[in-house]
Amino acid sequence: MSKVIYKTEEQIEQVRESAKVLSHLLAEIAKVIKPGITTLSLDKLAYDFIHDNGGTPAFLNYHGFPYSLCISVNDQIVHGFPSDYEIKDGDLVSVDGGVNLNGFISDSAYTFGIGEISAEAQQLLDVTKASLYKGVEQAVAGKRVGDISSAIQEYVQPYNFGIVRELVGHGVGLHLHEKPEVPNYGKRGSGPKLESGLIICIEPMINAGKSGVRFWEDGWTVSTIDGKLSAHFEQMVAIRKGQPDVLLNFDEVEEVLNKK
């Protein structure tokens, strides 16, 4: 979309309902994701779960994307195709999904560490998720997009991880991708002003090595340029005065993971 779309209170609550379905879905995936399961089976789970809960997959057929989930493994950053690939111990698996519930769109991503992962992989997950939370803290009325962007960048830089620049967060709610773009790097005080009624997706994509990316011939999958690991976490935030209103947090998925 070419312009920013501000939502009414009623619309924000409708998006929150869509986000609840997506949160439940991520928790269901957390229950079953393990070595030996195929990424395609997770995609089928998502398709069935979303339909069973009265929605449709927001990603399916979006600009021709042929699946309900983007599932990106290890050096894949985003937009990976579900396949017959069997998840292995030590993998990082990013699951990115969206739900259309009565015309209201939710979008979130969570990167799962499978079984025993390396110390570097664990640090990458921890830093990426923490940088997301640093960005979310800045998502309040009166701030600017650059305040979010710089908070993420400033947190990640001391770890010498690569911050992906070709891919960004975005507005969301009535369409899957709306204005404004929300980069994961930038200067404080720059960019569009954040105003009440805006819903944005904040989604740091962080590489263990270089920040550069490689676009695959399938037209969708994006991977790291050096073959090193990548992590991706995404939350939706409604802009309010005083404090951010996180429409989809990770409490449910992490409650499942903590019981495993």
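These numbers were taken from a predicted model, which means no experiment stands behind them. (Residues numbered from 1 in each chain as written. Predicted model: local features only at pLDDT ≥ 70, side-chain atom pairs only at ≥ 80, totals over all residues. Heavy atoms only, no water.)

1. What about the pairing of strand E2 (residues 69–73)?
And step 1. Most of E2 sits inside the fold, with five of its five residues counted as buried.
And step 2. Burial of the side chains of E2 extends over both faces: Leu69, Ile71 and Val73 are buried on one face and Cys70 and Ser72 on the other.
And step 3. Alignment of E2 against strand E4 (residues 92–101), held across five bridges, turns out to be antiparallel. From the neighbouring strand, Leu69 faces E4, where its bridge partner is Gly97. (Buried < 20%, exposed > 50% of the residue type's maximum accessible area, 1.4 Å probe, protein only. Helix = DSSP H or I, 4+ residues; strand = E, 2+ residues; numbered from the N terminus. Pairing = 2+ DSSP bridges.)

2. A look at the UniProt feature "binding site: a divalent metal cation 2" (unreviewed entry) in the protein
And step 1. UniProt tags Asp107, His170, Glu203 and Glu234 as "binding site: a divalent metal cation 2" (unreviewed entry). These annotated residues cover 128 residues of sequence, and their C-alpha atoms lie no more than 10.5 Å from one another, placing them together at a single site.
And step 2. Relative to the assigned elements, His170 resides in strand E7 (residues 169–171).
And step 3. With near-sequence residues (within four places) excluded, His170 lies in contact with Asp107, Leu176, His177, Glu178, Pro180, Glu181, Val182, Ile199, Ile200, Cys201, Glu203 and Glu234. (UniProt positions renumbered as here; feature names shortened; annotations may be inferred. Contact = heavy atoms within 4.5 Å.)

3. Remarks on the sheet that holds strand E6 (residues 162–163)
The pairing of strands in a sheet comes from backbone hydrogen bonds and takes either a parallel or an antiparallel form.
And step 1. The strand order E6-E10-E13 describes an open sheet built from three strands, whose pairing is antiparallel. Whereas interior strands pair on both sides, the edge strands pair on one side only; in this sheet they are E6 and strand E13 (230–232).
And step 2. Across three bridges, strand E10 (residues 205–207) lies against E13 in antiparallel orientation. Each residue of the ladder has a partner; that of Ile206, found in E13, is Ala231.

4. Points about the packing of aromatic side chains
And step 1. Enumeration over the complete set of coordinates arrives at 10 aromatic pairs.
And step 2. Note on Tyr110 and Phe112: the rings are 4.9 Å apart at their centroids and 55 degrees apart in plane angle, and the pair reads as tilted. Each member of the pair, Tyr110 as well as Phe112, is classed as buried.
And step 3. Ring geometry for Tyr110 against Phe233: centres 5.0 Å apart, planes inclined by 85 degrees, an arrangement best described as edge-to-face. (Phe/Tyr/Trp six-rings, centres within 6.5 Å; stacked < 30°, edge-to-face > 60°.)

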